[in-house]
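Chain by chain, the residues:
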Amino acid sequence: MRYHIGMKKTAFLLAAIVALLACPASAAPQAALKKAAQQVQATLHRLDRYLAAAANTLAVTGLTGDQARKVLADLCQANPEVVDCAAVDLSGRMVTVAPARYASYEGADISQQEQVKKLRSTKKPVLSRVFRAVEGYDALDLEQPVKGPDGALLGSVSMLIKPEALLGGLLAPLSAGGQLAVKVLQDDGKVLYASGKPLAKEEQKASVRLHGTRWKLAAGPAAP
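Residues numbered from 1 in each chain as written. Predicted model: local features only at pLDDT ≥ 70, side-chain atom pairs only at ≥ 80, totals over all residues. Heavy atoms only, no water.

Participant: Run through the pairing of strand β9 (residues 204-210), naming residues and quoting values.
Facilitator: Side-chain direction in a regular strand flips from residue to residue, so the side chains alternate between the two faces of the sheet. In β9, alternate side chains face the same way, and those of Q204, A206, V208 and L210 are buried while those of K205, S207 and R209 on the opposite face are not. With seven bridges connecting them, β9 and strand β10 (residues 213-221) associate as antiparallel partners. Of the residues in β10, the one forming a bridge with L210 is T213. Here β9 hands over to β10 after two residues, with H211 in that stretch at a positive phi of 55 degrees. (Buried < 20%, exposed > 50% of the residue type's maximum accessible area, 1.4 Å probe, protein only. Helix = DSSP H or I, 4+ residues; strand = E, 2+ residues; numbered from the N terminus. Pairing = 2+ DSSP bridges.)

This is the structure:
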């Protein structure tokens, strides 16, 4: 009887040791991915807060003029992930764009872009899927409505973001050792960011959301 109990204790101890040894290898990447997802989420929320504040100010200053231009320039300067910021009127034209090197795009008609249509319809903030911007590169567009004192829609304010600029600095450290690969996908499966080495197998997953848009973060061993 003592032999039987002893065998049980030995088996239990061996199982505990195996589990303890296995835990760091599996838990460490998951913990790192979770932390990275939290950082991405925090960054999106920070961009959204700045954009909402700019929308409130533009509701007072109007969408054009020196004051509006300063609001947009300050917005871009405060958020290094952002390429340019624009005030968009009700017809879907970018009427003021900052910084100055992008001012040539003032007057561009973006009324047919999916996120612009959605904001005009819902009068709510929107984060686009990646698309080809009129500026000539693949981008994400975060937009907030600009409303008058009576709640009427006056237009919107936009942040144009390159996905790699937003995600690269936050996620590159995960794959710095070369053993782990990571990628970010939007809800239709399109890849927004991928580490240098391709992902051999998705072993850990996390997600972030903003204004109904969801991104999946996946990590696992890098392909040989």
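Participant: I'd like to hear about the sheet that holds β9, residue by residue, with values.
Facilitator: Pairing is antiparallel across the open sheet formed by four strands, whose spatial order is β8-β7-β10-β9. Looking at the sheet topology across the chains shown, the edges are occupied by β8 (191-194) and β9. Geometrically, the sheet is characterised by an average inter-axis angle of 20 degrees between neighbouring strands, direction not taken into account. Two elements, strand β7 (residues 180-186) and β8, share three bridges in a ladder whose sense is antiparallel. Bridge pairing links L185 to V191 in β8. Helix-sheet contacts for helix α4 (residues 163-171) involve β7, β8 and β10, and the interaxial angle to β8 is about 40 degrees. (Axes fitted to C-alpha atoms, helices over the stretch in contact; angles between N-to-C directions. Contact = heavy atoms within 4.5 Å.)

Participant: Describe the state of the cysteines, and please don't skip the residues or the numbers.
Facilitator: For the structure on display, the rule yields one disulfide. The disulfide bridge from C76 ends at C85, spanning 2.5 Å between sulfur atoms. An S-S torsion of about 130 degrees defines the bridge between C76 and C85 as right-handed. C76 gets classed as buried once you look at its relative accessible area, which sits at 10%. (Disulfide = S-S within 2.5 Å.)

Participant: Could you give an account of helix α3 (residues 114-122), naming the residues involved and the relevant values?
Facilitator: For α3, every residue scored as buried is listed here: Q115, V116, L119 and R120. When α3 is viewed along its axis, its buried side chains cluster within an angular range of 135 degrees and face the same direction. Residues of α3 that are exposed and point more than 90 degrees away from the buried face comprise E114 and S121. Here the buried face of α3 lies against β1 (82-89), β3 (126-127), β4 (131-132), β5 (138-147) and β6 (153-161). One or two residues past the end of α3 sits K123, with phi positive at roughly 60 degrees. (Arc of directions from axis to C-beta.)

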